[in-house]
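Analysis of the macromolecular model
The chain contents come next:
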Amino acid sequence: MADSSKHILSVYDLSRDFGGVQALRGVDLHVARGSITGLIGPNGSGKTTLFQVISGLDRGATGTVTFDRESILGRRPSQIYRRGLARTFQLSRVFPELTVLENLVVAGSRHDRSVTERALGLLERVNLREYAAVLGKNLSYGQQKLVEFLRVLMSDPALILLDEPAAGVNPTLRQTLWDMVRHLNGLGTTFLVIEHNMEVIADLCSKVYVLSEGEIIAHGDFAAIRNDERVLEAYFGKSRKHGAA
Ligand SMILES: Nc1ncnc2c1ncn2[C@@H]1O[C@H](COP(=O)(O)OP(=O)(O)OP(=O)(O)O)[C@@H](O)[C@H]1O
Ligand SMILES: [Mg+2]
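Residues numbered from 1 in each chain as written. Chains lettered and ligands numbered in written order. Predicted model: local features only at pLDDT ≥ 70, side-chain atom pairs only at ≥ 80, totals over all residues.

Brief notes about the pairing of strand E1 (residues 7-18)
Direction of pairing for E1 relative to strand E2 (residues 21-32): antiparallel, over a ladder of 8 bridges. Residue pairing across strands places His 7 opposite Ala 32, the latter belonging to E2. Connecting E1 to the next strand, E2, in antiparallel fashion are 2 residues, including Gly 19 with a positive phi near 45°. Looking at chain direction, E1 and strand E4 (residues 62-67) are connected through 5 bridges and run antiparallel. Looking across to E4, one finds that Ser 10 is bridged to Thr 66. (Pairing = 2+ DSSP bridges. Helix = DSSP H or I, 4+ residues; strand = E, 2+ residues; numbered from the N terminus.)

Here is the structure:
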(Lines give C-alpha, C1' and ligand atoms only; values in the text may rest on other atoms or scores of the structure.)
(Ligands and ions follow the chains in the order given, each with its own letter.)
Protein backbone atom coordinates (compact mmCIF):
# COMPACT_ATOMS: atom_id res chain seq x y z
CA MET A 1 0.00 0.00 0.00
CA ALA A 2 1.25 3.47 -0.82
CA ASP A 3 1.52 6.06 1.94
CA SER A 4 -1.89 7.75 2.12
CA SER A 5 -0.61 10.94 3.75
CA LYS A 6 1.97 11.46 1.02
CA HIS A 7 -0.48 10.80 -1.78
CA ILE A 8 -3.53 12.97 -2.32
CA LEU A 9 -4.81 10.54 -4.97
CA SER A 10 -4.27 6.80 -5.22
CA VAL A 11 -5.65 4.46 -7.85
CA TYR A 12 -5.37 0.70 -7.33
CA ASP A 13 -6.09 -2.05 -9.83
CA LEU A 14 -8.52 0.07 -11.82
CA SER A 15 -10.17 -1.54 -14.85
CA ARG A 16 -12.79 -0.33 -17.30
CA ASP A 17 -14.22 -2.47 -20.04
CA PHE A 18 -16.41 -0.97 -22.79
CA GLY A 19 -18.01 -4.14 -24.08
CA GLY A 20 -14.80 -5.78 -25.24
CA VAL A 21 -12.58 -2.69 -25.40
CA GLN A 22 -10.41 -2.83 -22.27
CA ALA A 23 -9.89 0.91 -21.87
CA LEU A 24 -8.15 0.48 -18.49
CA ARG A 25 -6.44 -2.66 -17.22
CA GLY A 26 -5.35 -2.89 -13.59
CA VAL A 27 -4.12 0.70 -13.40
CA ASP A 28 -2.09 1.69 -10.32
CA LEU A 29 -1.22 5.35 -10.00
CA HIS A 30 -0.27 7.66 -7.12
CA VAL A 31 -0.21 11.43 -7.10
CA ALA A 32 1.97 12.98 -4.40
CA ARG A 33 0.45 15.87 -2.49
CA GLY A 34 1.83 19.15 -3.86
CA SER A 35 3.19 17.59 -7.06
CA ILE A 36 2.60 18.15 -10.75
CA THR A 37 2.27 14.60 -12.04
CA GLY A 38 2.13 13.84 -15.77
CA LEU A 39 -0.01 11.28 -17.59
CA ILE A 40 1.05 10.49 -21.14
CA GLY A 41 0.33 7.81 -23.72
CA PRO A 42 -0.61 7.41 -27.37
CA ASN A 43 -4.10 8.28 -28.68
CA GLY A 44 -6.75 5.92 -27.35
CA SER A 45 -4.55 4.58 -24.54
CA GLY A 46 -7.15 5.36 -21.85
CA LYS A 47 -6.03 8.71 -20.42
CA THR A 48 -9.39 10.49 -20.66
CA THR A 49 -11.20 7.36 -19.48
CA LEU A 50 -9.05 7.41 -16.32
CA PHE A 51 -10.11 11.03 -15.70
CA GLN A 52 -13.76 10.13 -16.33
CA VAL A 53 -13.57 7.40 -13.70
CA ILE A 54 -11.63 9.43 -11.11
CA SER A 55 -14.01 12.40 -11.43
CA GLY A 56 -17.08 10.17 -11.07
CA LEU A 57 -18.51 10.78 -14.56
CA ASP A 58 -17.90 7.18 -15.58
CA ARG A 59 -19.14 4.80 -12.90
CA GLY A 60 -18.53 1.52 -14.70
CA ALA A 61 -15.00 0.78 -13.47
CA THR A 62 -13.75 -1.76 -10.93
CA GLY A 63 -10.89 -1.19 -8.49
CA THR A 64 -10.15 1.46 -5.89
CA VAL A 65 -9.76 5.24 -6.07
CA THR A 66 -8.76 7.10 -2.92
CA PHE A 67 -8.80 10.89 -2.71
CA ASP A 68 -7.61 12.56 0.48
CA ARG A 69 -7.77 9.22 2.33
CA GLU A 70 -11.38 8.55 1.31
CA SER A 71 -12.66 6.03 -1.18
CA ILE A 72 -14.43 7.91 -3.99
CA LEU A 73 -15.11 5.26 -6.64
CA GLY A 74 -18.87 5.19 -7.24
CA ARG A 75 -19.45 8.63 -5.71
CA ARG A 76 -21.37 11.22 -7.69
CA PRO A 77 -19.30 13.81 -9.62
CA SER A 78 -20.80 16.66 -7.56
CA GLN A 79 -19.69 14.98 -4.30
CA ILE A 80 -16.17 14.45 -5.60
CA TYR A 81 -16.00 18.03 -6.85
CA ARG A 82 -17.18 19.36 -3.48
CA ARG A 83 -14.46 17.38 -1.72
CA GLY A 84 -11.89 19.36 -3.73
CA LEU A 85 -11.16 17.35 -6.85
CA ALA A 86 -11.81 19.28 -10.08
CA ARG A 87 -11.05 18.61 -13.73
CA THR A 88 -11.10 20.21 -17.16
CA PHE A 89 -12.31 18.54 -20.35
CA GLN A 90 -10.39 17.72 -23.50
CA LEU A 91 -12.88 19.86 -25.43
CA SER A 92 -13.69 23.17 -23.80
CA ARG A 93 -17.02 23.47 -21.97
CA VAL A 94 -17.61 27.18 -21.59
CA PHE A 95 -21.23 28.41 -21.47
CA PRO A 96 -21.59 30.14 -24.87
CA GLU A 97 -24.42 32.50 -23.91
CA LEU A 98 -22.87 33.69 -20.62
CA THR A 99 -20.21 36.37 -20.41
CA VAL A 100 -16.70 35.40 -19.35
CA LEU A 101 -17.31 36.88 -15.90
CA GLU A 102 -20.64 35.03 -15.55
CA ASN A 103 -18.94 31.80 -16.62
CA LEU A 104 -16.58 32.17 -13.67
CA VAL A 105 -19.12 33.43 -11.14
CA VAL A 106 -21.51 30.50 -11.68
CA ALA A 107 -18.60 28.17 -10.94
CA GLY A 108 -18.00 29.85 -7.57
CA SER A 109 -19.58 28.45 -4.46
CA ARG A 110 -21.41 31.65 -3.48
CA HIS A 111 -22.71 34.46 -5.63
CA ASP A 112 -21.59 37.46 -3.62
CA ARG A 113 -19.10 40.23 -4.16
CA SER A 114 -16.11 38.16 -3.10
CA VAL A 115 -16.84 35.68 -5.89
CA THR A 116 -16.91 38.46 -8.48
CA GLU A 117 -13.69 39.85 -7.09
CA ARG A 118 -12.03 36.46 -7.21
CA ALA A 119 -13.18 36.01 -10.82
CA LEU A 120 -11.85 39.41 -11.86
CA GLY A 121 -8.58 38.69 -10.07
CA LEU A 122 -8.13 35.45 -12.00
CA LEU A 123 -8.94 37.18 -15.31
CA GLU A 124 -6.41 39.90 -14.50
CA ARG A 125 -3.77 37.27 -13.74
CA VAL A 126 -4.09 35.72 -17.24
CA ASN A 127 -4.57 39.05 -19.06
CA LEU A 128 -8.24 38.41 -19.89
CA ARG A 129 -9.66 41.16 -17.66
CA GLU A 130 -10.81 43.16 -20.70
CA TYR A 131 -12.86 40.14 -21.87
CA ALA A 132 -15.02 40.03 -18.72
CA ALA A 133 -18.16 41.20 -20.56
CA VAL A 134 -17.58 39.18 -23.75
CA LEU A 135 -19.88 36.21 -24.38
CA GLY A 136 -18.28 32.76 -24.13
CA LYS A 137 -19.15 31.99 -27.75
CA ASN A 138 -17.21 35.04 -28.97
CA LEU A 139 -13.90 33.92 -27.49
CA SER A 140 -11.22 32.16 -29.51
CA TYR A 141 -10.90 28.45 -28.81
CA GLY A 142 -7.72 29.05 -26.83
CA GLN A 143 -9.39 31.74 -24.73
CA GLN A 144 -12.28 29.35 -24.04
CA LYS A 145 -9.86 26.70 -22.81
CA LEU A 146 -8.23 29.23 -20.51
CA VAL A 147 -11.61 30.38 -19.19
CA GLU A 148 -12.55 26.77 -18.54
CA PHE A 149 -9.36 26.40 -16.52
CA LEU A 150 -10.24 29.55 -14.54
CA ARG A 151 -13.73 28.15 -13.88
CA VAL A 152 -12.11 25.18 -12.19
CA LEU A 153 -10.00 27.52 -10.04
CA MET A 154 -13.09 29.30 -8.72
CA SER A 155 -13.74 26.45 -6.28
CA ASP A 156 -10.12 26.43 -5.07
CA PRO A 157 -9.66 22.66 -5.45
CA ALA A 158 -6.86 20.71 -3.78
CA LEU A 159 -6.34 18.52 -6.86
CA ILE A 160 -6.91 19.52 -10.49
CA LEU A 161 -6.97 17.06 -13.38
CA LEU A 162 -6.08 18.77 -16.67
CA ASP A 163 -6.96 16.93 -19.90
CA GLU A 164 -4.78 18.41 -22.65
CA PRO A 165 -5.40 21.99 -21.48
CA ALA A 166 -3.06 23.51 -24.07
CA ALA A 167 -4.37 21.65 -27.13
CA GLY A 168 -5.50 24.15 -29.76
CA VAL A 169 -4.24 27.09 -27.68
CA ASN A 170 -1.84 29.65 -29.21
CA PRO A 171 1.72 29.80 -27.83
CA THR A 172 1.18 33.01 -25.84
CA LEU A 173 -1.92 31.75 -24.03
CA ARG A 174 -0.27 28.37 -23.62
CA GLN A 175 2.64 30.01 -21.79
CA THR A 176 0.15 31.90 -19.61
CA LEU A 177 -1.62 28.65 -18.80
CA TRP A 178 1.53 26.76 -17.78
CA ASP A 179 2.78 29.77 -15.78
CA MET A 180 -0.54 29.75 -13.92
CA VAL A 181 -0.23 26.02 -13.22
CA ARG A 182 3.24 26.56 -11.82
CA HIS A 183 2.11 29.55 -9.76
CA LEU A 184 -0.81 27.61 -8.23
CA ASN A 185 1.40 24.62 -7.60
CA GLY A 186 3.72 26.94 -5.67
CA LEU A 187 0.71 27.85 -3.52
CA GLY A 188 0.01 24.17 -2.81
CA THR A 189 -2.39 22.95 -5.50
CA THR A 190 -1.68 19.46 -6.82
CA PHE A 191 -2.02 18.67 -10.55
CA LEU A 192 -2.41 15.57 -12.67
CA VAL A 193 -1.84 16.62 -16.28
CA ILE A 194 -2.49 14.87 -19.60
CA GLU A 195 -0.27 16.49 -22.21
CA HIS A 196 1.24 15.36 -25.50
CA ASN A 197 4.07 17.92 -25.59
CA MET A 198 7.06 16.16 -24.05
CA GLU A 199 8.99 19.40 -23.46
CA VAL A 200 6.17 20.62 -21.25
CA ILE A 201 5.99 17.30 -19.43
CA ALA A 202 9.76 17.26 -18.87
CA ASP A 203 9.72 20.84 -17.66
CA LEU A 204 6.70 20.66 -15.37
CA CYS A 205 6.32 17.17 -13.95
CA SER A 206 8.24 15.57 -11.09
CA LYS A 207 6.77 12.19 -12.00
CA VAL A 208 5.21 10.81 -15.16
CA TYR A 209 2.93 7.81 -15.77
CA VAL A 210 2.74 6.23 -19.21
CA LEU A 211 -0.44 4.50 -20.40
CA SER A 212 -0.51 2.19 -23.39
CA GLU A 213 -3.59 0.22 -24.36
CA GLY A 214 -5.07 0.74 -20.91
CA GLU A 215 -2.00 -0.35 -18.96
CA ILE A 216 0.56 1.67 -17.04
CA ILE A 217 3.74 0.55 -18.79
CA ALA A 218 6.18 2.86 -16.99
CA HIS A 219 6.37 5.54 -14.33
CA GLY A 220 9.10 7.66 -12.84
CA ASP A 221 10.85 10.92 -13.61
CA PHE A 222 10.96 11.99 -17.25
CA ALA A 223 14.62 11.08 -17.70
CA ALA A 224 13.81 7.50 -16.68
CA ILE A 225 10.68 6.99 -18.75
CA ARG A 226 12.03 8.60 -21.94
CA ASN A 227 14.53 5.78 -22.36
CA ASP A 228 12.22 2.99 -21.24
CA GLU A 229 11.99 0.22 -23.84
CA ARG A 230 8.24 -0.25 -23.46
CA VAL A 231 7.61 3.48 -23.77
CA LEU A 232 9.66 3.77 -26.97
CA GLU A 233 7.83 0.74 -28.32
CA ALA A 234 4.40 2.21 -27.44
CA TYR A 235 5.18 5.52 -29.15
CA PHE A 236 7.40 4.52 -32.04
CA GLY A 237 6.71 0.83 -32.49
CA LYS A 238 3.13 1.22 -33.69
CA SER A 239 2.47 4.88 -34.30
CA ARG A 240 4.69 7.82 -35.16
CA LYS A 241 1.96 10.41 -34.65
CA HIS A 242 3.43 12.02 -31.55
CA GLY A 243 7.04 13.00 -31.10
CA ALA A 244 7.87 11.43 -27.76
CA ALA A 245 11.09 12.11 -25.88
N1 LIG B 1 -17.82 5.73 -23.74
C2 LIG B 1 -17.07 4.87 -24.43
N3 LIG B 1 -17.63 3.78 -25.03
C4 LIG B 1 -16.87 2.90 -25.71
N5 LIG B 1 -15.55 3.00 -25.85
C6 LIG B 1 -14.94 4.06 -25.28
C7 LIG B 1 -15.66 5.04 -24.55
N8 LIG B 1 -14.78 5.97 -24.09
C9 LIG B 1 -13.57 5.58 -24.53
N10 LIG B 1 -13.66 4.43 -25.23
C11 LIG B 1 -12.53 3.70 -25.84
O12 LIG B 1 -11.56 3.51 -24.83
C13 LIG B 1 -10.25 3.68 -25.35
C14 LIG B 1 -9.53 4.79 -24.60
O15 LIG B 1 -10.07 6.05 -24.96
P16 LIG B 1 -9.64 7.41 -24.25
O17 LIG B 1 -10.51 8.49 -24.77
O18 LIG B 1 -9.60 7.21 -22.78
O19 LIG B 1 -8.14 7.59 -24.80
P20 LIG B 1 -7.13 8.81 -24.64
O21 LIG B 1 -5.85 8.23 -24.13
O22 LIG B 1 -7.73 9.92 -23.87
O23 LIG B 1 -6.89 9.26 -26.17
P24 LIG B 1 -6.57 10.72 -26.81
O25 LIG B 1 -5.09 10.96 -26.63
O26 LIG B 1 -6.92 10.56 -28.25
O27 LIG B 1 -7.42 11.73 -26.12
C28 LIG B 1 -10.42 3.96 -26.85
O29 LIG B 1 -10.30 2.73 -27.52
C30 LIG B 1 -11.83 4.50 -26.94
O31 LIG B 1 -12.37 4.26 -28.19
MG1 LIG C 1 -8.16 11.86 -24.30
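What follows picks up the thread again.
Details of the sheet that holds strand E8 (residues 190-194)
The strands making up a sheet associate through hydrogen bonds between their backbones, and the pairing can be parallel or antiparallel. Taken in spatial order, the 6 strands of this open sheet run E6-E7-E8-E3-E9-E10, and their pairing is mixed. Each edge of the open sheet is held by one strand with a lone partner, namely strand E6 (85-87) and strand E10 (215-220). When strand polarity is set aside, the average angle formed by the axes of neighbouring strands in this sheet is 15°. When strand E9 (residues 207-212) meets E10, the two strands line up antiparallel, connected through 5 bridges. Opposite Val 210, over in E10, you have Ala 218 as the bridge partner. (Axes fitted to C-alpha atoms, helices over the stretch in contact; angles between N-to-C directions.)

Some points on unusual backbone geometry
One non-glycine residue, Asn 127, lies in the positive phi region at around 60°. For Asn 127, the position within the fold is in the loop between helix H4 (113-125) and helix H5 (141-153). Take Asn 127: there are 12 C-beta atoms within 10 Å of it, and that puts it in the exposed class. Look at Glu 164: it is not a glycine, yet its phi comes out positive at around 50°. Summarising the element assignment, Glu 164 is placed in the loop between strand E7 (159-163) and helix H6 (171-186). (Buried ≥ 20, exposed ≤ 12 C-beta atoms within 10 Å, placed from the backbone.)

As for the sheet that holds E2
An order of E2-E1-E4-E5 is seen for the 4 strands of this open sheet, with the pairing classed as antiparallel. Each having just a single partner strand, E2 and strand E5 (70-71) make up the two edges of the open sheet. Relative to E5, E4 runs antiparallel, the two being bridged by 2 bridges. Its bridge partner being in E5, Thr 66 is matched across the sheet by Ser 71. Helix H1 (residues 47-54) rests against E1, E2 and E4 of the sheet, and its axis sits at about 70° to E2. (Contact = placed C-beta atoms within 7 Å.)

What about the environment of Gly 74?
You can see Gly 74 is positioned in the loop between E5 and helix H2 (77-82). Accessibility expressed as a C-beta count within 10 Å gives 10 for Gly 74, which makes it exposed. A C-alpha to C-alpha distance of 8.6 Å links Gly 74 and Ala 61, two positions 13 residues apart in sequence.

Let's talk about helix H9 (residues 229-237)
All of the buried residues along H9 are Val 231, Ala 234 and Tyr 235. Down the axis of H9, the sector holding all buried residues measures 85°, keeping them to one side. Opposite the packed face of H9, turned more than 90 degrees from it, sit the exposed residues Glu 229 and Glu 233. In this structure, the buried side of H9 is in contact with E9, E10 and helix H8 (222-226). (Arc of directions from axis to C-beta.)

Just distances and angles here, no functional claims.
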